[in-house]
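Next come the chains, spelled out residue by residue.
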Amino acid sequence: MSVKKNKLDLLFKVRYQNPLPAPPFPPKLLNIPTNPSRYAGPEFTASLASETPLPMVVDAELGMPLDLSFFDCLWEEGVDDSQLNPDPNNAPAVDPKDAFMLGDSLLSSVNGNYSSGTAPSTPQVPWLRKTEYISSTVSRTPTSSHDPRRANEDSAVVDISRAAQIKAVEASFAYAEEKFDITTLKHPNKPNVSVVESYEILPDTDIWANAYDLFRFSERPGERSTEVPDPRLDCAILRPMESDGDHFLAYYLPKEDEVAEDFIERRRNNEDVEETIFSFVRDYETVKIEQDVPNEFFLVLDDGNNDDAAPEDSSRRKGKGAYYKNIERKIVLKKKRANQWDTYTDKWDAINLSLAPFSQEELEEREEALAEVVDPLYLFARADADADGEVDDTEVNVHNGDVNDFGVEAVNGH
């Protein structure tokens, strides 16, 4: 008979006590001279300070009260208006507190060395890490002495006086005249580049009422390889879709190249388009959406040679110029992985597309959008409307591109 031994021979813990007597004196704070920077620095709060919005509480007059009751010429006719329009030859005295705003800047600088006056002191901006943005005497990256072009640029005298700035601004107006010699234009950094042609930059009134989005695909859309030309890509349809709360776009293309080419040619010539069938290709999901694209435009260079346009077609008979239209959004797309468990609310295998005339409401919206670049008094009219409360700045549903003149017939293919 075997006896199982218990490894736990000690049934309870032994507690050793070592009581200490109470201190014979009360506690005392000792002053240890220590630099606080060894514990923490204020630099980590710089990002918090830059992201914290500062409240700008100003009055209705923005801190500059102006009492118009002192100007009699505003209320009575035939009164001298010299108070509002002083004589330039007999200008009133400038207040000493405002004299610094009229002071001229330094005349010129060569390689950061100022030729007149003293160099301004570098402002103390502790939160700005890149000091080259605030220092006018910062040393640039040393360039090779064998580059004569860089040497000439570094040794050039830059006149920044007020008279030089006024002269440069007035000279820019000469280039806007109809008759000027383009050979006099010089590139500021590339002396070997010459001007070939000049265009006036104008808004494109033909398409200004439309809203355009720029789509970028991660790879070429369609089922053809990149070596095979595909004219169908110029007339595709992107239809918004939703499945289980997931939003994506369905991509449609014509089946044949001849159908796509005929559709494009008729649209270009403003002819009646026959019913065109666009077949479903695949779904795409959005990767990135840029809602605000302030400085990017579509630009079309028109030489003004529209001899093939019909005489009654005045929309295509534009003069020579570079016509632009702003981009509303930029969207990056990638292929959506096919999932058999996706439940579509209204999946279409094909779209039978035909053109329909604009409704009266759509025509009014397009005319209002076009007035931004056609009506010279657009800003004044909008300001008056805002003051009267006639314009609502809330979100307005704008049709993208020419989709609003399409009549779409769905062909269900479940």
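Higher on the page you've got the structure.
Anyway, here's the lowdown on the structure attached to this text. Note that the coordinates shown come from a computational prediction; the quantities given were computed from them, not determined experimentally.

### Some details on the overall build of the protein chain
Part 1 of the reasoning: For the protein chain, the count of helices and strands is 6 helices and 13 strands.
Part 2 of the reasoning: Per-residue burial over the protein chain gives 16% buried out of 414 residues.
Part 3 of the reasoning: For the protein chain, restricting intrachain contacts to residue pairs at least 6 apart in sequence, the fraction spanning at least 24 positions comes to 70%.
Part 4 of the reasoning: Accessible area for the protein chain stands at about 34000 Å²; split by element, carbon and sulfur atoms hold 54% of it.

### As for the pattern of salt bridges
Part 1 of the reasoning: Scanning all chains against the criterion turns up 17 salt bridges.
Part 2 of the reasoning: Two residues, Asp213 and Arg329, come together in a salt bridge whose shortest N-O distance is 2.8 Å. Residue Asp213 is found in strand β5 (residues 213–217), and its partner Arg329 is found in strand β11 (residues 329–335); the two are separated by 116 residues along the sequence.
Part 3 of the reasoning: The class for Asp213 is buried, based on a relative accessible area of 16%.

### Quick word on the nonpolar core
Part 1 of the reasoning: With 14 residues, the main nonpolar core has Cys235, Ile237, Tyr252, Phe263, Phe278, Ile351 and Leu353 as its most contacted residues.
Part 2 of the reasoning: Looking at this core, the elements with two or more residues in it are β6 (237–243), β7 (246–254), α4 (257–268) and β12 (348–355).

### Description of the sheet that holds strand β4 (residues 201–203)
Part 1 of the reasoning: With respect to topology, 3 strands assemble into an open sheet ordered β4-β10-β9, the strand pairing being mixed. Looking at which strands have only one partner, the edges of the open sheet turn out to be β4 and β9 (297–302). Looking at each pair of strands side by side, their axes are set apart by 35 degrees on average, direction ignored.
Part 2 of the reasoning: In the sheet, β9 pairs with strand β10 (residues 321–326) via 6 bridges, with the strands oriented antiparallel. Residue Val300 lies in a different strand from β10, and its bridge partner there is Tyr323.

### Overview of the packing of aromatic side chains
Part 1 of the reasoning: Throughout the structure, instances matching the rule amount to 8 aromatic pairs.
Part 2 of the reasoning: Aromatic side chains Trp208 and Tyr324 sit 5.8 Å apart centroid to centroid with 85 degrees between the ring planes, which places their arrangement in the edge-to-face category. Of the two residues, Trp208 sits in the loop between β4 and β5 while Tyr324 sits in strand β10, which places them 116 residues apart along the sequence.
Part 3 of the reasoning: Among the residues examined, Trp208 registers a relative accessible area of 10% and is labelled buried.
Part 4 of the reasoning: Residue classification places Tyr324 among the partly exposed residues on the basis of a relative accessible area of 23%.
Part 5 of the reasoning: A ring pair is formed by Tyr251 and Tyr284, whose centres lie 5.6 Å apart and whose planes are at 75 degrees; its orientation type is edge-to-face. Highlighted residues: Tyr251 in strand β7 and Tyr284 in strand β8 (residues 276–290), separated in sequence by 33 residues.
Part 6 of the reasoning: By relative accessible area, which is 3% here, Tyr251 ends up buried.
Part 7 of the reasoning: Of the aromatic side chains, those joined through ring pairs into one cluster are Trp208, Phe297 and Tyr324.
Part 8 of the reasoning: Here Lys320 stacks its cationic end above the ring of Tyr199, 5.2 Å away from the centre of that ring.
Part 9 of the reasoning: Across from the ring centre of Trp208, 5.1 Å away, lies the NZ or CZ of Lys325, which sits over that ring.

### Things to note about the pairing of β8
Part 1 of the reasoning: Here β7 runs beside β8; their pairing, made up of 6 bridges, is antiparallel. Residue pairing for β8: Pro254 is matched across the bridge by Phe278.
Part 2 of the reasoning: Pairing geometry for β8 and β12, over 4 bridges, is antiparallel. Within β12, the residue paired with Ile277 across the bridge is Asn352.

### Here's the deal with a negative patch on the surface
Part 1 of the reasoning: On the surface, Glu361, Glu364, Glu365, Glu367 and Glu368 cluster together into a patch of negative charge.
Part 2 of the reasoning: Along the chain, Glu367 falls in helix α5 (residues 360–374).

### Side note on the side chain of Asn352
Part 1 of the reasoning: Note that Asn352 resides in strand β12.
Part 2 of the reasoning: Since its relative accessible area comes to 15%, Asn352 is described here as buried.
Part 3 of the reasoning: Polar side-chain contacts of Asn352 include one of 3.2 Å to the side chain of Glu275.

### A few points about the environment of Trp75
Part 1 of the reasoning: Locating Trp75 in the fold gives a position in the loop between α1 (46–51) and β1 (108–110).
Part 2 of the reasoning: There is a polar contact of 3.2 Å between the side chain of Trp75 and the backbone oxygen of Phe71.

Here is what the cut-offs are and how they apply
Residues numbered from 1 in each chain as written. Predicted model: local features only at pLDDT ≥ 70, side-chain atom pairs only at ≥ 80, totals over all residues. Heavy atoms only, no water. Helix = DSSP H or I, 4+ residues; strand = E, 2+ residues; numbered from the N terminus. Buried < 20%, exposed > 50% of the residue type's maximum accessible area, 1.4 Å probe, protein only. Contact = heavy atoms within 4.5 Å. Areas by Shrake-Rupley, 256 points an atom, 1.4 Å probe, with all protein chains shown as cover. Salt bridge = Lys/Arg side-chain N within 4 Å of Asp/Glu carboxyl O. Core = buried A, V, L, I, M, F, W, Y, C linked by side-chain atoms within 4.5 Å. Pairing = 2+ DSSP bridges. Axes fitted to C-alpha atoms, helices over the stretch in contact; angles between N-to-C directions. Phe/Tyr/Trp six-rings, centres within 6.5 Å; stacked < 30°, edge-to-face > 60°. Lys NZ or Arg CZ within 6 Å of the ring centre and 35° of its normal. Patch = residues over 30% accessible without salt bridge, like charges linked within 9 Å, V, L, I, M, F, W, Y side chains within 5 Å. Lys, Arg positive; Asp, Glu negative; His and termini not counted. Charge placed at Lys NZ, Arg CZ, Asp CG, Glu CD. Polar contact = N/O pair within 3.5 Å; in protein donor to acceptor, adjacent residues only side chain to side chain.

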